[in-house]
Amino acid sequence: MNTIKDDNGIVVAHPGKQHSFETAVGLLEAGVLQQYITTVYNSKKSIAMRFCKIFLNKNDTKKAETRYCAELPEEFISQKCELLGLVGLVLLRLPGNKNVYRSYMVWLNDVFGKAVAKYAIRHNAAAVIMYDTTATECFKYLKQKAPHIKRILDMSIATREFAKNIYERDIEISKSDLIRRENEYIWNKKYLDIYREEIQDADFFLSSSEFVKSSIRYFGIPEEKIIMAPYGVNSEKFTTNGIKMKSEESAPLHLLFVGQVNARKGMHHLLKVMSQLNKDDVTLTLVGPVDKSAELYKKYNSVENIHFVGYKVRDELIQLYCSADVFVLPSLCEGMAMVGFEAMSMELPIICTTNTGINDLINDYVNGIVVEASNEDELKRAIQWCINHRKEVQKMGVAAKQSVKDYTWKHYRKQMASEVKRCVYKE
């Protein structure tokens, strides 16, 4: 493997993690990774990490320990603002602290971003890849001091201004401002200005789905500036191993949702629809963190065919995938919903909205059903169709698994690296 270490390579930087390890490994395999830069990293050399584990609780320690990638050699890892990143992990866990955490992370992103920009200039990088809502200060500094260094913004979700329009439409349709109360920062001009600036300062964009691509085009970005690279799934972790515990046709249809139980995920629409359906026809299991004092939980927890089961470890989650009939994802705004890949890999057809990214893979009534976001009538009809067509649902599950067989992280790495090299080096 030919690698670039000191000159004319590509820097990947993220103050958190997301899928940045996959991006860095893909560029490493392509021979153009110069450095991966982050805050918290579970390195043996990190004195701060070892010291702070003494004080972090079990959950924070576990989260910190996931900041490690065995496929990235230590010499390609740099840490900036490590202690500040650890503080961010702690703030994230404190209840009722969203505004403080968000303000802190905006400040940390700026400090981290400027450090990344200075590193890229000092080491003659050809390009820097950073991630949406984290890149403003880095891109501004590079544009001013080293405009020849390409600035690539990886969009993990739809742009916030584009999302705001979707949320406002949902408020009109649902006659509820829950989505606004959960996402107040999106209506804050200060944040929108920050996010708009990083979009305007980017040279190229990485997009995982057509929905995200549309949100980038919303800002007048030309097609040739957008690099399409759909994510992948680790099929070895999400597999039935030949065993699929489908429910009997005489039993209720089992729907499964995995994720946060909130309005962005379209839960106010799904739970309302489920409350109108008979428990003998269909049940819904919701896997993921839920605040028991939250409006949606209090309103729907007593509904007989709705089951909140909380967070589940992977082995428990696999079992729930195996016992479900259909995966449902009614989100208002996603990037490329990873749980969709996981569910399809587990032989589940999907009912999803047009705003999930995973809808790029769906052929209606072949491997799933796509409905319009916020449209409860369409969602209800899709669920009712599945109740009435159980044999077809099973066939759709088989087709769903076949649909994602080529969507691997290995494929993502290769496709992403090839397109990034073409844009940066004109290959």
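Above this text you will find the structure in question.
What this report covers is the structure whose coordinates are included nearby. This structure is a prediction, so every number in the text was calculated from the model and none was measured. (Residues numbered from 1 in each chain as written. Predicted model: local features only at pLDDT ≥ 70, side-chain atom pairs only at ≥ 80, totals over all residues. Heavy atoms only, no water.)

### Here we look at the pairing of strand β12 (residues 350-353)
Then step 1. Burial along β12 is two-sided: the face carrying I350 and C352 and the face carrying I351 and T353 are both buried.
Then step 2. The pairing of strand β11 (residues 326-329) with β12 spans three bridges and is classified as parallel. Bridge pairing in β12 links L329 to C352.
Then step 3. With helix α14 (residues 338-345) bridging β11 and its parallel neighbour β12, the resulting β-α-β unit is right-handed.
Then step 4. Examined bridge by bridge, β12 and strand β13 (residues 368-371) share four bridges and lie parallel to one another. When the sheet's bridge partners are listed, I350 is paired in β13 with G368. (Buried < 20%, exposed > 50% of the residue type's maximum accessible area, 1.4 Å probe, protein only. Helix = DSSP H or I, 4+ residues; strand = E, 2+ residues; numbered from the N terminus. Pairing = 2+ DSSP bridges. Right-handed = clockwise from strand over helix to strand, strands pointing away.)

### A few points about the packing of helix α6 (residues 136-145) against helix α9 (residues 189-201)
Then step 1. Where α6 meets α9, the axes come as close as 9 Å, and the angle between the chain directions of the two elements is 40°. As summarised for this structure, α6 and α9 are arranged oblique, according to the angle between their axes. The way α6 lies across α9 gives a crossing that is left-handed. In this structure, α6 uses T136, F139, K140 and K143 to contact α9, whose residues at the interface are I194, E197, E198, Q200 and D201. (Axes fitted to C-alpha atoms, helices over the stretch in contact; angles between N-to-C directions. Parallel < 35°, antiparallel > 145°, perpendicular 65-115°, else oblique. Left-handed = near helix turned anticlockwise from the far one by under 90°. Contact = heavy atoms within 4.5 Å.)

### Overview of helix α16 (residues 390-403)
Then step 1. The end-to-end C-alpha distance of α16 is 20 Å, a good match for the 20 Å that 14 residues give at a rise of 1.5 Å each.
Then step 2. Buried residues of α16: R390, V393, M396, G397 and A400, and no others. What you see down the axis of α16 is that its buried residues fit within an arc of 110°, all on one side. Away from its buried face, by an angle of more than 90 degrees, α16 presents the exposed residues K391 and K395.
Then step 3. Where the residues of α16 are buried, they touch β8 (253-258), β11, α14, β13 and α15 (376-388). (Expected span 1.5 Å × (residues − 1). Arc of directions from axis to C-beta.)

### A few points about the side chain of D154
Then step 1. Mapped onto the secondary structure, D154 falls in strand β5 (residues 150-155).
Then step 2. Buried charge without a salt bridge: D154, with R160 as the nearest opposite-charge side chain at an N-O distance of 10 Å. (Lys, Arg positive; Asp, Glu negative; His and termini not counted. Salt bridge = Lys/Arg side-chain N within 4 Å of Asp/Glu carboxyl O.)

### Let's talk about the pairing of β8
Then step 1. Counted residue by residue, β8 has five buried out of six residues, so it is predominantly covered.
Then step 2. Note: β8 against strand β9 (residues 282-287), six bridges, orientation parallel. For L253, the partnering residue across the bridge sits in β9 and is V282.
Then step 3. The parallel pair β8 and β9, bridged by helix α11 (residues 267-275), forms a crossover whose chirality is right-handed.
Then step 4. Pairing of β8 with β11, which is carried by two bridges, proceeds in the parallel orientation. Among the inter-strand pairings, L256 is bridged to a residue of β11, identified as F327.

### Describing the packing of helix α1 (residues 20-29) against helix α17 (residues 409-425)
Then step 1. Packing of α1 against α17 brings their axes to within 8 Å, and their N-to-C directions diverge by 65°. Accordingly, the angle class assigned to the pair α1 and α17 is roughly perpendicular. Crossing of α1 over α17 shows right-handed handedness. Here E22, T23, V25, G26, L27 and E29 of α1 come into contact with α17, specifically with W409, Y412, R413, M416, A417 and V420.
Then step 2. In terms of residue class, the contact of α1 with α17 is built from seven nonpolar, two polar and three charged. (Nonpolar A, V, L, I, M, F, W, Y, C, P; charged D, E, K, R; others polar.)

### Let's talk about the nonpolar core
Then step 1. Ranked by internal contacts, the top residues of the largest apolar core, which has 110 residues, are L27, L72, Y321, F327, I383 and V420.
Then step 2. It is α17 that contributes the most residues to this core, seven residues altogether. (Core = buried A, V, L, I, M, F, W, Y, C linked by side-chain atoms within 4.5 Å.)

### As for the sheet that holds β12
Then step 1. If you walk across this open sheet you meet the six strands as β10-β9-β8-β11-β12-β13, and the pairing is parallel. Two strands in the sheet have a free side with no partner beyond their single neighbour: β10 (306-310) and β13. Recorded for the sheet is a direction-independent mean angle of 20° between the axes of neighbouring strands.
Then step 2. The strands that helix α13 (residues 314-323) touches are β8, β9 and β11; relative to β8, the one it contacts most, it runs at about 145°.

### Looking at unusual backbone geometry
Then step 1. Phi angles above zero are rare outside glycine, and K175 is one such case at about 60°.
Then step 2. Tracing the backbone shows K175 in the loop between α7 (160-174) and α8 (178-182).

### Side note on the pattern of salt bridges
A side chain with one charge may pair with a side chain of the opposite charge, provided their charged atoms come close.
Then step 1. Within the structure shown, the criterion is met by 25 salt bridges.
Then step 2. The partner of E197 in a salt bridge is K140, and the shortest N-O contact between them spans 3.6 Å. Of this pair, E197 sits in helix α9 while K140 sits in helix α6; the two residues are 57 residues apart in sequence, bridging distant segments of the chain.
Then step 3. What makes E197 partly exposed here is its relative accessible area of 25%.
Then step 4. The exposure class of K140 is partly exposed, given its relative accessible area of 27%.
Then step 5. Across the pair E334 and R264 runs a salt bridge, and its minimum N-O distance is 3.6 Å.

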